[in-house]
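Here is how the chains run, residue by residue.
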Amino acid sequence: MTKKPDKKNFQLSRSLDWVLIFLSVTAIFLLFLSPSWYLPIILLVLAGLAILRFFTARETDRQQASQIQTADLLGRFPETNPNPVLYLSSEGQIAYANAGCKHFLKRFDLPSDPAKLLPPDLANRIRQLRQSGQACETWEYTIDNHFVACQANVQNDGLFLYITDISARKRMENELSWHAYHDVITGLPNRYRFQQDLEKILRRDQPCHYTAVFLMNIDRFRFFIGNLGYWLCDQLLHAVSVRLRETIETNPLSDQIILYRFEADTFALLLKNYQEPELPKKIAQQLIESLHQPVYMDHREFCVTISCGISVYPTDGTDFSTLLHAADLALQHAKKRGGGVWQLHTADMDERTRHRLKLEGYLRHAIEHNELELFYQPQVSLKDGILTGAEITLRWRHPEHCLLKPQEFIPLAEETGLIAPISEWILRHALIQHRAWQTRDFPPIRLAVNISAQQFHQQDLPQLIRRLLQETQVAPHFLELELTESAAMFDINHTVVVMQQLKELGVQLALDDFGTGFSSLAYLRRFPLDTLKIDQSFVRPMDKEEDAAAIIKGIISLGHSLRLKVLAEGIETQAQLQRLRDFECDEGQGYLFSKPVPGNVFETYLACGKFEIG
Ligand code: C2E
Ligand code: MG
Ligand code: MG
């Protein structure tokens, strides 16, 4: 505000100058009227004083004049300031409010009352400021959702308040802090927030309450990236996160559950403060089932599954790293079980993980050490018992674990990428064997090879098959490729394209384990199939349960109506065989005829060419 005393000093010094001038003129005048000896002396003294005054005062005057001008401008500053400036009296009443207050309130669409600009707890803030003994302080608060900063300056008994709108800065700060703790693709809190939250929970000592840590991984995500690219995979992640979030919201305990995007294809979840030990299992099951309905993206539908590993505080650990490690181990075990399942951490998991790593090391050398072997299971015509083909199933003669079945190492091969060279090896050796049997004049039969989902969707399978058929000179119709229903439904459009390319080569196609996947009959029509293989889980109970028999009957007539050959897997009893024949099932395979056998044993079936089926 203006410094009035300075202006007065300036005016006083100007008056003194005028007095000096007046005295000098009077002295000169008197000299002319009555010249005397002392008057020139007085005149000289006055002139000297005037000259001295002139030189010393000129600079000071100039400085004073400029100070007065600045003070004048500052005095007008609150009026011209576009931001609100207020002066509060010692009683906290508004004694002055500039025009900026009105404009500010108008911009916020608030009534033109300067009191609206003050923080709601003003009295408290003033008291604290005075108690602190400081001359000024900055308060931040909101006015109708707008962030403001108010600089409060103590001035005698009163208080000057300078208010500025800091909404833009606050928004920027909030955005930066959001990005630090959230994932952009899914909008979920990220792993840093997950760690903070879990550590906060663990700091509170609540021994009678549990907290569960879930790690949920999208199965075959690498495979999705290979087929869809990163952009669509981001959409897939988003779609999965929405599905999981929706499922959590329907849970009555949703306020105790937090979902995070942990990293790449992994989500984390915290289930806080629960008491019912079975709760994590139920929630995990709900989340897994929520993805049983396909996910829609880019006008296509995808069947996505997740695997879930769970660790529980305090049973599996009491600190962040131990709980996370335990959940991760459990997740790896869920994956090993084929994915799409949950797994709670158990104490023996560390040992099992060591075993798995060892197995992986051996599997890498299985081909070069000649440890893989093809087994053949006869496929028989149910009309007359004629041997029509063989399904090839893989065995691994592991140096330490004798003969391993595919379930024990195929998922591992898929995860480690070893499935590609292994699959090529199987196909090549199956065709070489077929060629060898033909040259030895065995009747030519169809050989069915199992194709894993990863191989079907990732490798250029038609190209590989074309090359191998040329190499081995086997007629394409002797080769049948078995694809499981769930692998076929994984990316339906891609399945149709690859199947058509394979059909153009002349190979046969079978849909394996029919009835166990996400059957969609509408899509079945689009696949250029030759054979429908009814899963053994339907065949097993058919002689005891009438429902199972009815389902089989239905599948057979469905297959026939689509002009497909129907083959029943896992026939073990004569009664099952009889009913399947009654239902006019075309072909069958199972222990009743033979288990999968090595090539030299299978040659005896080839030589005979027929099974006795009564
Ligand atoms: P799948 O294609 O359904 O193969 C049939 C499985 O059922 C074989 O088990 C076979 O031994 C078994 N089986 C056949 N008849 C009966 C029966 O009457 N009773 C019982 N209890 N079981 C019967 P295996 O050889 O252990 O193969 C299991 C699965 O592993 C196969 O199921 C297939 O999906 C996969 N697999 C096998 N070989 C290969 C392979 O070379 N490559 C790939 N990618 N997967 C393979
Ligand atoms: Mg099969
Ligand atoms: Mg099968």
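Note: the structure precedes this text.
Numbers given to residues run from 1 along each chain, matching the order in which its sequence is written. All chains are assigned letters beginning at A, and all ligands numbers beginning at 1, according to the order in which they are written. Per-residue local features are limited, in this predicted model, to residues with pLDDT of at least 70; the limit for side-chain atom pairs, both in listing and counting, is 80 or more; totals at the level of whole chains, interfaces and linings are taken over all residues. As a rule here, side-chain values cover all heavy atoms of the structure and leave hydrogens and water aside.

Novice: Can you explain the pairing of strand β14 (residues 387-398)? Please cite residues and give values.
Specialist: When accessible area is computed with a 1.4 Å probe and restricted to protein chains, residues below 20% of their type maximum are described as buried, those above 50% as exposed, and intermediate ones as partly exposed. For the purposes of this entry, the term helix denotes a DSSP run of H or I that reaches at least four residues, the term strand denotes a run of E that reaches at least two, and both are numbered from the N terminus. Across the 12 residues of β14, 10 count as buried, placing the element largely inside the fold. Sheet analysis places strand β13 (residues 372-381) next to β14, joined by 9 bridges and oriented antiparallel. Bridge pairing in β14 places Leu372 opposite Trp396. At least two DSSP bridges between two strands are needed for those strands to be called paired. Linkage of β13 to β14, two consecutive antiparallel strands, is achieved through a turn of 5 residues, within which Gly385 is found at a positive phi near 80°. Sheet topology places β14 next to strand β16 (residues 446-451); 4 bridges connect them, and they run parallel.

Novice: Residues and numbers for the packing of helix α6 (residues 191-203) against helix α9 (residues 320-336), please.
Specialist: To define axes, lines are fitted to C-alpha atoms, for helices over the stretch in contact only, and angles between the resulting N-to-C directions are given on a 0 to 180 degree scale. In the contact formed by α6 and α9, the axes pass within 10 Å of each other and the chain directions differ by 115°. Crossing of α6 against α9: the hand is right-handed. For the pair α6 and α9, the contacting residues are Phe194, Gln195, Leu198, Glu199 and Leu202 in the first and Phe320, Leu323 and Leu324 in the second. Lys, Arg, Asp and Glu make up the charged group, whereas Ala, Val, Leu, Ile, Met, Phe, Trp, Tyr, Cys and Pro make up the nonpolar group; the residues left over, Gly among them, are polar. Considering only residue class, the contact of α6 with α9 consists of 6 nonpolar, 1 polar and 1 charged. Handedness of a crossing is defined here by the sense of rotation of the near helix relative to the far one, left-handed for an anticlockwise turn of less than a right angle and right-handed for a clockwise turn. Contact criterion: two residues are considered in contact whenever any of their non-hydrogen atoms come within 4.5 Å of each other.

Novice: Just give me the short version of the site of ligand 1, but keep the residues and values in it.
Specialist: Nearness is defined per residue: one heavy atom within 4 Å of the molecule or strand is enough. The immediate surroundings of ligand 1 are formed by 23 residues, with Glu391, Asp512, Gln536, Glu572 and Tyr591 found nearest. Residues adjacent in sequence count toward polar contacts only when both atoms are side-chain atoms; beyond that, a polar contact is any pair of N or O atoms within 3.5 Å, and within protein one must be able to donate a hydrogen and the other to accept it. Note that an oxygen atom of ligand 1 is positioned 3.2 Å from one of the side-chain N or O atoms of Thr393. Residue-level accessible areas treat just the shown protein chains as cover; the underlying method is Shrake-Rupley with a 1.4 Å probe. When ligand 1 sits alone it has 790 Å² of accessible area, and the protein chains cover 87% of it. Of all the secondary-structure elements, those providing two or more residues to the shell around ligand 1 are β14, α11 (406-416) and β18 (508-514). Counting residues per element, the shell around ligand 1 draws most heavily on β14, at 4 residues.

Novice: Lay out the sheet that holds strand β8 (residues 266-274) with the relevant residues and their values.
Specialist: Sheet architecture is open: 5 strands sit in the order β7-β8-β6-β11-β12, paired in mixed fashion. Two strands bound the open sheet, and with one partner strand each, they are β7 (257-263) and β12 (342-344). Direction aside, neighbouring strands of the sheet carry axes that sit 20° apart on average. Examined bridge by bridge, strand β6 (residues 210-218) and strand β11 (residues 306-313) share 8 bridges and lie antiparallel to one another. Bridged to Ala212 within β11 is Val312. Here helix α7 (residues 221-250) sits on the sheet and contacts β6, β7, β8 and β11; the angle it forms with β7, its principal contact strand, is near 170°.

Novice: Which residues make up the environment of Thr472, and what values do they have?
Specialist: Topologically, Thr472 is positioned in helix α14 (residues 461-472). Separated by 131 residues in the primary sequence, Thr472 and Glu603 place their C-alpha atoms 20 Å from one another. Aside from chain neighbours lying at most four places away, what touches Thr472 is Arg428, Leu431, Ile432 and Arg435.

Novice: Break down the coordination of the magnesium ion (ligand 2) for me, with residues and values.
Specialist: The protein atoms donating to the magnesium ion (ligand 2) are Glu391 (OE), Asn450 (OD1), Glu482 (OE) and Asp512 (OD), with metal-donor distances spanning 2.0 to 2.2 Å. Any N, O or S atom lying within 2.8 Å of the metal counts as a donor, with the limit raised to 3.2 Å for Na, K and Ca; because water is left out of the atom set, some sites can appear incomplete. All donors to the magnesium ion (ligand 2) come from one chain, and their sequence spacing reads E-x58-N-x31-E-x29-D. Separation of the magnesium ion (ligand 2) from the magnesium ion (ligand 3) amounts to 3.8 Å, with Asp512 serving as a shared donor to the pair. In this pair, Asn450 is assigned in strand β16 and Asp512 in strand β18, connecting sequence segments 62 residues apart.

Novice: Residues and numbers for the side chain of Gln576, please.
Specialist: Its location among the elements puts Gln576 in helix α20 (residues 574-582). Within the local environment of Gln576, its side chain forms a polar contact with the backbone nitrogen of Thr573, the two atoms lying 3.0 Å apart. Leave out the neighbours within four places in its chain, and Gln576 touches Val539, Arg540, Met542, Asp543, Gly570 and Ile571.

Novice: Tell me about unusual backbone geometry, and name the residues and values.
Specialist: A cis amide bond, omega 5°, links Tyr313 with the succeeding residue Pro314. One can find Pro314 in the loop between β11 and α9. Residue Asn273 is not a glycine yet carries a positive backbone phi of 50°. In this structure, Asn273 sits in strand β8. Overall, the relative accessible area of 30% leaves Asn273 in the partly exposed class. The residue Asn370 is not glycine, and still its phi comes out positive at about 60°. The residue Asn370 is located in the loop between α10 (349-363) and β13 in this model. Among the residues examined, Asn370 registers a relative accessible area of 61% and is labelled exposed.

Novice: Describe α9, with residues and values.
Specialist: One turn of the α-helix equals 3.6 residues, which is why residues spaced by three or four share an orientation. For α9, spanning 17 residues, the distance from its first C-alpha to its last is 24 Å, which sits close to the expected 24 Å at 1.5 Å a residue. Taken as a whole, α9 has its buried residues at Phe320, Leu323, Leu324, Ala326, Ala327, Leu329, Ala330, Leu331, His333, Ala334 and Lys335. The first or second residue beyond α9 is Gly338, which carries a positive phi of 105°. The span you would expect from a helix comes to 1.5 Å times its residue count less one.

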